[in-house]
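Overview (structure and organization)
Okay, here's what each chain looks like letter by letter:
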Amino acid sequence: MLMNKGITLQDAIPLAFARPQPLLEHLRMGGQLLEIIPQQGMFYRYLRFFCELCTLPQAIIIAGSLCDIRHQIFVRMRRHLTYPAVLFFIAFVLILFFLHIILPQMQQIVDSSSSAAALNVLGVLQAVFMIMLVLIAAFLVLALLLSRNAELRTLALIRFRAFAPLRSLISYLFAAFLHELSSQGIATVDALHMLLTLEKGSLLYPCISEMKRLLEQGFAYDEIILTSDFFSARFCRCFSLGYQSDSLPELLPLYLKREIVRWQKQADRIGLFIQIFVYVVIAMLVFSVYQMLLTPLEMLNQM
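Since this is a predicted model, take the numbers as computed values, not measurements.

Moving on to a nonpolar patch on the surface. A cluster of nonpolar side chains, namely Val86, Phe89, Ile90 and Val93, defines an oily patch on the protein surface of about 350 Å² accessible area. Residue position: valine 93 is located in helix H4 (residues 56-102). By relative accessible area, valine 93 is classed as partly exposed at 39%.

Written as structure tokens, this is what we have:
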């Protein structure tokens, strides 16, 4: 942005970097910016690739736009699911607190038949939460393994590509990348070759790899997309309309916005379900403790 306003690279670096001196010193010695920027990170990988194809300001814009695609999905979903996740954690802590802190101090009460039923309810709630936590932990472990093993990740994507949420995510990423690259004047076929290099090992790689193979075999671009089982039916309808009417640049942004809205609604439904579940659990917890506290009064009435 600064360089597009006529500011030189040497003047823009102190405004854009917290520690500009190593960069400026490297440039004064005749070095190139790409020689000193970090090797790790998705943004810098994109930046290095596009710097070989266009000017530095344009490469920075494209790299930033492509990185924002995934970042925006994460930010939006986190915003909708953080509160339900916190409620779930608090409810689980409450159950553990009552079972392992309060109840041991009420052993005489727990021995009675009335309070034993309440204790059974708490035990069932703890078991349900433990099962859910084990499933969440297993999912996180699996996600970690897939993130560190590109070959295993590719096999899993090919095996479970019929899974609707996965197809929806792949369709969204493909449409978003295609739109961003097309808006920079990059042809569709060239964009596919770029994505094949940039997205190696990612969610998009098996899909793009298959598309490239079919293109080399002589299949039409639109036929490949419309018959691919990597893409959702919603994306195929949008692409078909846009391709036939030559209005993909206008329809793809609409499709992306509708998908984000749909995901947000689904996240809200999941969050609402979690909240209702947590409220029911807390109500059962309060009722169980209330039943235990009534036991001493019943014992006094019987004396």
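Every α-helical turn comprises 3.6 residues, leaving residues that sit three or four positions apart pointing alike. Listed in full, the buried residues belonging to helix H7 (residues 150-159) are Arg153, Ala156 and Leu157. Taken around the axis of H7, the buried residues stretch over an arc of 100 degrees, which confines them to a single face. Turned more than 90 degrees off the buried face of H7, the exposed positions are Glu151, Leu155 and Arg159.

Inspection of the entire model under this criterion finds three salt bridges. As a salt-bridge pair, lysine 212 and glutamate 216 come within 2.4 Å of each other at their nearest N and O atoms. One end of the pair, lysine 212, and the other, glutamate 216, are both in helix H10 (residues 205-216), four residues apart, so they sit about a helical turn from each other. A relative accessible area of 58% places glutamate 216 in the exposed class. For glutamate 259, the salt bridge goes to arginine 262, with nearest N and O atoms at 3.1 Å.

Moving on: the environment of arginine 48. Mapped onto the secondary structure, arginine 48 falls in helix H3 (residues 42-51). Taking the C-alpha atoms as reference points, arginine 48 and alanine 63, separated by 15 residues in sequence, lie 9.0 Å from one another.

Helix length check: helix H12 (residues 233-245), at 13 residues, gives a terminal C-alpha distance of 18 Å against a target of 18 Å (1.5 Å per residue), a fit within 8%. All buried positions along H12 are accounted for by Phe235, Cys236, Cys238, Phe239, Ser240 and Gly242. After H12 finishes, the residue aspartate 246 shows a positive phi value of roughly 55 degrees.

Two elements in contact, H3 and helix H9 (residues 188-198), have axes whose closest approach is 11 Å; the angle formed by their N-to-C orientations is 140 degrees. In this view, H3 runs oblique relative to H9, as classed from their interaxial angle. Handedness of the crossing formed by H3 with H9: right-handed. Only Met194, Thr197 and Leu198 of H9 make contact with H3, whose side of the interface consists of Arg45, Tyr46, Phe49 and Phe50. Here the contact of H3 with H9 is built from residues that sort into five nonpolar, one polar and one charged.

About the thresholds
Residues numbered from 1 in each chain as written. Predicted model: local features only at pLDDT ≥ 70, side-chain atom pairs only at ≥ 80, totals over all residues. Heavy atoms only, no water. Patch = residues over 30% accessible without salt bridge, like charges linked within 9 Å, V, L, I, M, F, W, Y side chains within 5 Å. Areas by Shrake-Rupley, 256 points an atom, 1.4 Å probe, with all protein chains shown as cover. Salt bridge = Lys/Arg side-chain N within 4 Å of Asp/Glu carboxyl O. Helix = DSSP H or I, 4+ residues; strand = E, 2+ residues; numbered from the N terminus. Buried < 20%, exposed > 50% of the residue type's maximum accessible area, 1.4 Å probe, protein only. Arc of directions from axis to C-beta. Expected span 1.5 Å × (residues − 1). Axes fitted to C-alpha atoms, helices over the stretch in contact; angles between N-to-C directions. Parallel < 35°, antiparallel > 145°, perpendicular 65-115°, else oblique. Left-handed = near helix turned anticlockwise from the far one by under 90°. Contact = heavy atoms within 4.5 Å. Nonpolar A, V, L, I, M, F, W, Y, C, P; charged D, E, K, R; others polar.

None of the figures reported here should be taken as evidence of function without further support.
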